[in-house]
Amino acid sequence: MAETADQYSGLLVIGDPHLEGRSPGFRKDDYPRVILEKLEWCLRYAREHRLLPTVLGDLFDKPRDNPTWMLGKLIELLADVECIGIYGNHDCAEPQLSEHDSLSLLVKAGRIRLLDVGPWRGRMNGRSVIVGGSSYRRPIPGSFAPDNGDGDSALVIWLTHHDVIVPGYEEQGRLETRAIDGVDLVINGHIHRRLADVQAGPTLWVTPGNISRRARSDATRDHVPAVLRIDVIDGGYTRRFIEVPHRPFEDVFHQTIVDAAPEGAPSAFVAGLAELQARRTESGAGLLTYLEKNVVQFEASVAAEIMELAREVTGHGQE
């Protein structure tokens with residue numbers, strides 16, 4: 001693909017928006033509209049600072065059956081915007097994206113260009129820049145030959161959406177960071193919180209985390225929603241996190257119910273019941289919390305069946 005004109009000074013990397021039509025977990029705000037407002041803010045910031053909007057995957061939380069009003073709003077937001085990215089595991093109902101997934105509509109409408117078809121090539125502040133990507137389950141190259149044809153050294157950035165083993169994600173991770181000849185920077189989505197960088201030879205691996213907070217947890221409480229800004233400069237690049245406007249954790253999530261069980265009562269049962277009664281969340285998170293605290297009284301196989309059915313009913317079956 002031919003290089004685009006020198007219209008950008010860098011990239012704005014947007015981590016895992018997880019757009020959906022209902023409020024997840026124990027969030028008590030109007031999440032569908034809040035997350036759309038965050039994405040709109042990101043696109044506006046990118047335009048004002050001459051940055052190329054770049055999505056790290058999981059634009060959607062549910063791959064299909066997203067509200068028509070939301071899809072319409074996305075088509076409006078991405079009109080006259082060049083946006084590139086990859087797809088994540090939440091964007092596709094099958095191992096790879098299909099025409100039945102909501103993201104495919106935006107691709108066909110020309111609102112987002114997936115890098116699986118080929119890297120983006122352009123010039124930023126006079127330097128050749130190449131942005132490639134490996135969507136969910138797609139292989140990450142062992143090396144990359146820029147072959148930009150003009151003799152100068154291109155800055156090569158690669159987007160991924162994988163379970164990469166980085167500090168703080170060792171148990172869940174499956175893929176080792178490694179040096180990739182010809183790639184300067186790898187930016188990985190999928191992991192919802194910002195984690196430490198890993199330098200592997202000439203390749204720097206960065207985990208920026210999400211632009212929002214979806215779950216009520218200690219890790220989420222500490223996470224600051226932000227985008228990764230990359231500015232291309234003579235001889236290299238600079239990077240910094242730009243905080244996305246957000247409300248305090250306590251204003252976004254329901255508080256945890258304090259276990260106030262009377263003496264002798266099964267505390268887990270009472271606490272779970274209190275959570276269920278007080279937090280009738282749209283996503284059924286209260287029900288799941290209640291069950292998780294009480295299925296231990298059953299045999300393991302029975303408990304597993306109960307939880308599987310509950311996740312299926314509440315729409316939490318897909319990781």
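Here we summarise the structure given alongside this text.

Scoring rules and cut-offs
- Residues numbered from 1 in each chain as written.
- Predicted model: local features only at pLDDT ≥ 70, side-chain atom pairs only at ≥ 80, totals over all residues.
- Heavy atoms only, no water.
- Buried < 20%, exposed > 50% of the residue type's maximum accessible area, 1.4 Å probe, protein only.
- Helix = DSSP H or I, 4+ residues; strand = E, 2+ residues; numbered from the N terminus.
- Arc of directions from axis to C-beta.
- Contact = heavy atoms within 4.5 Å.
- Pairing = 2+ DSSP bridges.
- Axes fitted to C-alpha atoms, helices over the stretch in contact; angles between N-to-C directions.

## Here we look at helix H2 (residues 68–77)
Considered for burial, the residues of H2 that qualify are Met70, Leu71, Leu74 and Leu77. Buried residues in H2, looked at end-on, bunch into an arc of 125 degrees, giving them a common side. For H2, the exposed residues lying more than 90 degrees away from the buried face are Thr68 and Glu76. Looking at the packing, one finds that the buried side of H2 touches helix H1 (31–48) and helix H3 (102–108).

## Overview of the sheet that holds strand S3 (residues 51–55)
Within a sheet, each strand pairs with its neighbour through backbone hydrogen bonds, oriented either parallel or antiparallel. With mixed pairing, six strands are arranged side by side in an open sheet as S5-S4-S3-S2-S14-S15. The two strands at the open ends of the sheet, each matched to only one other strand, are strand S5 (113–114) and strand S15 (236–243). With four bridges connecting them, strand S2 (residues 10–14) and strand S14 (residues 226–233) associate as antiparallel partners. Across the sheet, Leu11 pairs through a bridge with Ile230, a residue of S14. Each of S2, S3, S14 and S15 is contacted by H1, which is oriented at about 175 degrees to S2, the strand it contacts most.

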